[in-house]
Amino acid sequence: MPKLHLALLLATTLVFGVPGLSLAQSSPDATSRVVEVEVPAPALAGNLLGTSELQGAAIYLPSSYDSDPDRRYPVIYLLHGIFDDYGIWLEIEEVPARLNRLMAAKAMPEALVVMPNAGNKYGGGYYRNSPISGNWADYIADDLIGHVDAEFRTLASADGRAVIGHSMGGYGAINLAINRPGTFSVVWSMSPCCLAATDDFGFGNDAWKRAARAETAEDIEKLLADQDFYAIALLGILSAFSSEAGDPPVHGDFPFDIVRGEVVLDDAAYDRYLDSLPIRQLRAARDDLRALRGFGLDVGLGDQFLHIPPGTIELSQRLGAERIPHLLDVYDGDHRQKVGDRLETVVLPWVGARLMVAE
């Protein structure tokens, strides 16, 4: 594994499991606040990875939420990446303080911002429905949104609802736009993973071989103990993207065999795998995507995950070919370094300008 990739993945573990801060700690002069809630997740019932059916989320409430009890607000859902939880938005990226500044400057409308958890033993469920890792798309679109709309004063329609995600969450935002149409009207995908089976996401990555050699529960535990993050992440990909549950402990079927130490693709299984990627799903979803109020995506050309820049650019080209309006923002940066700043200066103002707000 390249040292830079390993360093990036090791860095993600430092923020895994970070508890949410109260807003007063990050912005003492603000009257906005963050509440932490537990959300029932029946969509995850029966998952084979032992993921809880009670999930945590942090919700930013703007400064007028308590003082204007008759007002309803648009909602932005902010999806984290692999090996993270919502703590990364609160502590590392300082999202509440950034929201305070943007709303005080009227650079975006006052809104609720919901930051869910979406992790599992392999780092995350990719916000997809899976017979192995659980129906994470349905959890976001049904369980979480239903809970937020019932418990908070929201504009409970797609026109007042946006989704932003980074990395795994960037993929998730696109997947939700394609496979749960009518849920969100504005979508922004930051450095989305898993769009094209190329480079480190392709089957030439030796981590696929290490993942495929996991034949027992002890093998999987060893990968976890050894912090073989690429192999663990690819087990997560397999569990999230498999259409059927197979034998334990892995449950998913690899779309290849290993013959004399080399990966040999199973053409039919590999084609089904490619069909699960967004690039092949755009044509069927183009009417729904054309109906969005806004669709944006961005990528840093120095991203350490080598499949992300070409995958993002290819997705944009396919969107253009299908005449789906969108914005592609390519910038000089890596996978993580500019996430918080770009949220504040580019993404949140652009998304907020396209949301429906209360009269």
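This is a predicted model, so every value here is computed, not measured.

1. Focus on the pairing of strand 11 (residues 294-300)
Stage number 1. Taking burial as the measure, the 7 residues of strand 11 include 7 buried ones, the bulk of the element.
Stage number 2. Burial along strand 11 is two-sided: G294, G296, D298 and G300 facing one way and F295, L297 and V299 facing the other are all buried.
Stage number 3. For strand 8 (residues 186-190) and strand 11, the ladder comprises 5 bridges, and the chain directions are parallel. Bridging across to strand 11, V187 finds its partner in F295.
Stage number 4. The pairing of strand 11 with strand 12 (residues 327-331) spans 5 bridges and is parallel. From the neighbouring strand, L297 faces strand 12, where its bridge partner is L328.
Stage number 5. Read from strand 11 through helix 12 (residues 308-321) to strand 12, the crossover connection turns out right-handed.

2. Side note on the side chain of H251
Stage number 1. Turning to its location among the elements, H251 is positioned in the loop between helix 9 (229-241) and strand 9 (256-259).
Stage number 2. Look at H251 and you get buried, because its relative accessible area is 11%.
Stage number 3. Dropping the residues within four chain positions of it, H251 is found in contact with L48, I132, E244, A245 and G246.

3. A look at unusual backbone geometry
Stage number 1. Here the amide bond leading from P248 into P249 is cis, since omega sits at 5°, within 30 degrees of zero.
Stage number 2. Note on placement: P249 falls in the loop between helix 9 and strand 9.
Stage number 3. For Q227, which is not a glycine, the phi torsion comes out positive at approximately 55°.
Stage number 4. As for its position among the elements, Q227 is in the loop between helix 8 (217-225) and helix 9.
Stage number 5. Given a relative accessible area of 41%, Q227 falls into the partly exposed group.
Stage number 6. A positive phi angle is found at R323, which is not glycine, with a value near 55°.
Stage number 7. Assignment of secondary structure puts R323 in the loop between helix 12 and strand 12.
Stage number 8. Take R323: its relative accessible area is 65%, and that puts it in the exposed class.

4. So, the packing of aromatic side chains
Stage number 1. Overall, the coordinates contain 19 aromatic pairs when judged by the stated rule.
Stage number 2. Between the aromatic rings of W188 and W350, the centroid separation amounts to 5.1 Å while the plane-to-plane angle is 70°, which identifies the pairing as edge-to-face. You can see W188 sitting in strand 8 and its partner W350 sitting in helix 13 (residues 339-354), a full 162 residues away along the chain.
Stage number 3. W350 gets classed as buried once you look at its relative accessible area, which sits at 17%.
Stage number 4. Ring centres 6.3 Å apart and planes at 85° place the aromatic pair W208 and F254 in the edge-to-face group. Taken together, the residues span a long stretch of sequence, with W208 in helix 7 (residues 206-212) and F254 in the loop between helix 9 and strand 9 at a distance of 46 residues.
Stage number 5. By relative accessible area, F254 is classed as buried at 18%.
Stage number 6. Among the aromatic residues, ring-to-ring pairing joins Y126, Y171, F201, F203, W208, F241, F254, F256, Y270 and Y273 into one connected group.
Stage number 7. Positioned above the aromatic ring of F241 is the side chain of R128, whose terminal nitrogen or guanidinium carbon lies 4.2 Å from the ring centre.

5. Overview of helix 11 (residues 282-290)
Stage number 1. Burial in helix 11 covers these residues: L282, A285 and L289. Down the axis, helix 11 shows its buried residues gathered within 75° of arc, on one side only. The exposed set on the far side of helix 11, more than 90 degrees from its buried face, consists of R283, A284 and D287.
Stage number 2. On its buried side, helix 11 packs onto helix 6 (168-179), strand 11 and helix 12.

6. What to know about the confidence of the model for the protein chain
Should pLDDT be low for a region, the predicted coordinates there are not to be read in detail.
Stage number 1. When pLDDT is averaged across the protein chain, the result is 90; 92% of the residues are at 70 or more.
Stage number 2. Low pLDDT (under 50) marks residues 1-30, which in the prediction has 57 contacts with non-local residues, meaning those over four places away or in another chain.

7. A word on the sheet that holds strand 4 (residues 112-116)
Stage number 1. On the basis of which strands lie adjacent, the open sheet formed by 8 strands has the order 1-2-4-3-7-8-11-12 and mixed pairing. Of all the strands in the sheet, the pair left with one neighbour each is strand 1 (33-40) and strand 12. Each strand of the sheet is rotated relative to its neighbour by a mean of 20°, with strand direction disregarded.
Stage number 2. Of the strands in this sheet, strand 1, strand 2 (54-61), strand 3 (75-79), strand 4 and strand 7 (161-166) touch helix 5 (residues 136-151), which is tilted by about 120° from strand 1.

8. Observations concerning the pattern of salt bridges
Close approach of charged atoms lets side chains of opposite charge pair.
Stage number 1. In this structure the tally under the stated criterion is 21 salt bridges.
Stage number 2. A salt bridge links R98 to D341; the shortest N-O distance between them is 3.2 Å. Separated by 243 residues along the polypeptide, R98 in helix 4 (residues 95-104) and D341 in helix 13 bring together distant segments of the chain.
Stage number 3. On the accessibility criterion, R98 (10% relative accessible area) is buried.
Stage number 4. Given the relative accessible area of 46%, D341 is considered partly exposed.
Stage number 5. Salt bridges sharing partners connect three or more residues here, namely R98, R101, D341 and E344.

Criteria and thresholds
Per chain, residues are indexed from 1 in the order of the written sequence. In keeping with the predicted nature of the model, local features appear solely for residues at pLDDT of at least 70, side-chain atom pairs appear and are counted solely at 80 or more, and the whole-chain, interface and lining totals rest on all residues. Each side-chain value is derived from all of the structure's non-hydrogen atoms; neither hydrogens nor water enter the calculation. Summary of the burial criterion: residues with accessible area below 20% of their type's maximum are buried, those above 50% are exposed, and those between are partly exposed, where the area comes from a 1.4 Å probe applied to protein chains only. Runs of H or I in DSSP of at least four residues are treated as helices and runs of E of at least two as strands, each being numbered from the N terminus. The pairing criterion for strands is at least two bridges between them, as found by DSSP. If the strands point away from the viewer and the path from the first strand over the helix to the second runs clockwise, then the crossover is right-handed. Contacts were defined at the residue level, with two residues in contact if any of their heavy atoms lie within 4.5 Å. Only Phe, Tyr and Trp rings are paired, with Trp represented by its six-membered ring, and only when their centres lie within 6.5 Å; those with planes under 30 degrees apart are stacked, over 60 edge-to-face, the remainder tilted. Each ring is checked for a lysine NZ or an arginine CZ that lies within 6 Å of its centre and within 35 degrees of its normal; such an atom marks a charge sitting over the ring. Here, the arc refers to the directions that run from the helix axis to the C-beta atoms. The predictor attaches a confidence to each residue, and that confidence, scored 0 to 100, is pLDDT. For helices, the fitted axis covers only the stretch in contact; all axes are lines through C-alpha atoms, and the angles between them, taken along N-to-C directions, range from 0 to 180 degrees. Any carboxyl oxygen of Asp or Glu within 4 Å of a side-chain nitrogen of Lys or Arg constitutes a salt bridge here.

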